[in-house]
Amino acid sequence: YSVDTPDACTHIKDLSSVSDRSQGESRYIQVKKSPADAMFLLNSDVKRELSEEQIYRRSLRCIDMLSIDGQFTFKADRPQLHCALFIIGDPEEFVTIEYNFVNIDCLGGDILKVFDGWIIKGEKFPSSLDHPLSTGERYTDICDLNNMGSITRSSQNVAMIFFRVQEPGNGFTLTIRKTPNLFPCNAISQSPSGQFTMIIPHQHRNCSFSIIYPVVIKISDLTLGHFNELQLKKPPPRGCGGTGDFVELLGGAGLDPSKMFPLADLCHSFHGSAQMKIGCDNSVLRMVSSGKFINRVTFEYSQLDRQKEKQEDNSVEEVCSPID
């Protein structure tokens, strides 16, 4: 259906099924449809300019997406069993969620859970390799009494809320705000084009920048500390995996970078230009950092015209074939 509000999406197509499954004491919830259905037509240009004195308010749909700050209310007009709210900010932002009012029947099976990241069709962003918490720990259950009236902050620019409200008239009200992230690590781009600089300052972590479009990525600057040190006495090993600090380009059809095709890796610092076309539905630049150095990469990206590439006989999609 079409979204007629000044939020992230122009359309949300056919994202109508959310399911949950149990594993141990944690309930894992996932959206079954394609991640492209959730945000393929993201358009940050439709954001409304609001002054600090104003707050944007609107009602939520069962399947919805937000990129604007404001106060949002869901009120069930009939039993709603499989609902999800996708929230996205700019890459340099955290998402904060304040629970202003909650009127659901937790004991009767209603659900209101926040997931730190996005999870669609069993695939997570950030992946388990790039997030410090386990999948179960990334859920915040608002039905726990200790969470009523509290505030949740995401670890990156995306978060999502799963909810089930069975009694008509019941629901909840949330306030969504974005706060600055001085060293953004994992992020999903709202747009098919842009520029970004990723810096990992002496931290042992992995950071993925995801663009849910086929794109051309141009890296203009890459600084990896271990190759700038004077004590380097031997050449680096073949491939980048043994260096501990490198950048890799990935492509795939799903959301999880750990399940994508490795297309290229870079473990040498350079100043110049390196370009690659990624014809997959999802394109990711991922930096792996040992924590011993300050690593930095600057890149720009623009949407790839796959039809034009086909006409020019360029094979940019073959890497997106399923892995056996």
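Residues numbered from 1 in each chain as written. Predicted model: local features only at pLDDT ≥ 70, side-chain atom pairs only at ≥ 80, totals over all residues. Heavy atoms only, no water.

Identification of the chain as Corticotropin-releasing factor-binding protein from Pelobates cultripes is taken from an unreviewed UniProt entry. According to the UniProt record, the Sequence similarities (unreviewed entry) comment for the chain is "Belongs to the CRF-binding protein family." UniProt, in its Function (unreviewed entry) section for the chain, records the words "Binds CRF and inactivates it. May prevent inappropriate pituitary-adrenal stimulation in pregnancy." (UniProt positions renumbered as here; feature names shortened; annotations may be inferred.)

Okay, the overall build of the chain next. For the chain, the helix and strand inventory stands at 2 helices and 23 strands. Residues classed as buried in the chain amount to 51% of the 324 residues present. Sequence-distant contacts, at least 24 apart, represent 76% of the contacts inside the chain between residues at least 6 apart. Here the chain has roughly 15,500 Å² of accessible surface; of this, 47% comes from carbon and sulfur atoms. (Helix = DSSP H or I, 4+ residues; strand = E, 2+ residues; numbered from the N terminus. Buried < 20%, exposed > 50% of the residue type's maximum accessible area, 1.4 Å probe, protein only. Contact = heavy atoms within 4.5 Å. Areas by Shrake-Rupley, 256 points an atom, 1.4 Å probe, with all protein chains shown as cover.)

Right, let's talk about the nonpolar core for a bit. The biggest cluster of nonpolar side chains holds 43 residues, and the ones touching the most others in it are Leu-85, Ile-97, Trp-118, Met-160, Ile-161, Phe-163 and Ile-188. The set of elements that each furnish at least two residues to this core consists of strand E4 (63-66), strand E5 (70-75), strand E6 (80-88), strand E7 (93-103), strand E8 (111-115), strand E9 (118-120), strand E13 (158-165) and strand E14 (171-180). If one sorts the elements of this core by residue count, E13 sits on top with 7 residues. Residues within four places of Leu-85 in sequence aside, it is in contact with Leu-60, Asp-64, Met-65, Leu-66, Ala-159, Met-160, Ile-161, Phe-163 and Leu-174. Counting 25 residues, the second-largest nonpolar core is a separate cluster that includes Ile-200, Phe-261, Cys-280 and Met-287. (Core = buried A, V, L, I, M, F, W, Y, C linked by side-chain atoms within 4.5 Å.)

Let's shift gears to the packing of aromatic side chains. Following the criterion strictly, the structure yields 12 aromatic pairs and no others. Aromatic pair Phe-86 and Trp-118: ring centres 5.1 Å apart, planes at 80°, arrangement edge-to-face. Taken as a pair, Phe-86 in strand E6 and Trp-118 in strand E9 lie far apart in primary sequence, 32 residues in all. Each member of the pair, Phe-86 together with Trp-118, is buried. An aromatic cluster is present here, built from Phe-196, Phe-209, Phe-299 and Tyr-301 joined pairwise through their rings. Above the plane of the ring of Tyr-139 lies Lys-113, whose end atom (NZ or CZ) is 5.9 Å from the centre. (Phe/Tyr/Trp six-rings, centres within 6.5 Å; stacked < 30°, edge-to-face > 60°. Lys NZ or Arg CZ within 6 Å of the ring centre and 35° of its normal.)

Read across the open sheet, the 5 strands follow the order E4-E6-E13-E8-E11; overall the sheet is mixed. Across the chains shown, the open sheet's two edge strands, defined by having one partner strand only, are E4 and strand E11 (139-141). Direction aside, the axes of adjacent strands within the sheet are offset by 20° on average. (Pairing = 2+ DSSP bridges. Axes fitted to C-alpha atoms, helices over the stretch in contact; angles between N-to-C directions.)

Let us look at the environment of Gly-117. Within the element layout of this structure, Gly-117 appears in the loop between E8 and E9. Spatially, the C-alpha atom of Gly-117 lies 8.0 Å from that of Arg-138, the residues being 21 residues apart in sequence. The contact partners of Gly-117, leaving out residues within four places of it in the chain, are Phe-125, Pro-126, Arg-138, Gln-156, Val-158, Ala-159 and Met-160.

Take the pattern of salt bridges next. This model, assessed by the stated rule, comprises 6 salt bridges. Taking the shortest distance from any N to any O, the salt bridge between Asp-130 and Arg-286 comes out at 3.0 Å. One end of the pair, Asp-130, is in the loop between strand E10 (123-125) and E11; the other, Arg-286, is in strand E22 (residues 282-290), with 156 residues separating them in the sequence. By the burial criterion, Asp-130 is buried, and Arg-286 matches it. In this structure, Glu-248 and Arg-286 form a salt bridge, with 2.6 Å as the shortest nitrogen-oxygen distance. In this pair, Glu-248 sits in strand E19 (residues 246-252) while Arg-286 sits in strand E22, placing the two residues 38 residues apart along the sequence. Of the two residues examined, Glu-248 and Arg-286, each falls in the buried class. Three or more residues joined by partner-sharing salt bridges are found here, namely Asp-130, Glu-248 and Arg-286. (Salt bridge = Lys/Arg side-chain N within 4 Å of Asp/Glu carboxyl O.)

Sheet topology note: the strand E18 (residues 215-223)/strand E21 (residues 270-278) ladder contains 7 bridges and is antiparallel. For Val-215, the partnering residue across the bridge sits in E21 and is Ile-278. Sheet analysis places E18 next to strand E23 (residues 294-303), joined by 8 bridges and oriented antiparallel. Bridge pairing links Ile-217 to Tyr-301 in E23.

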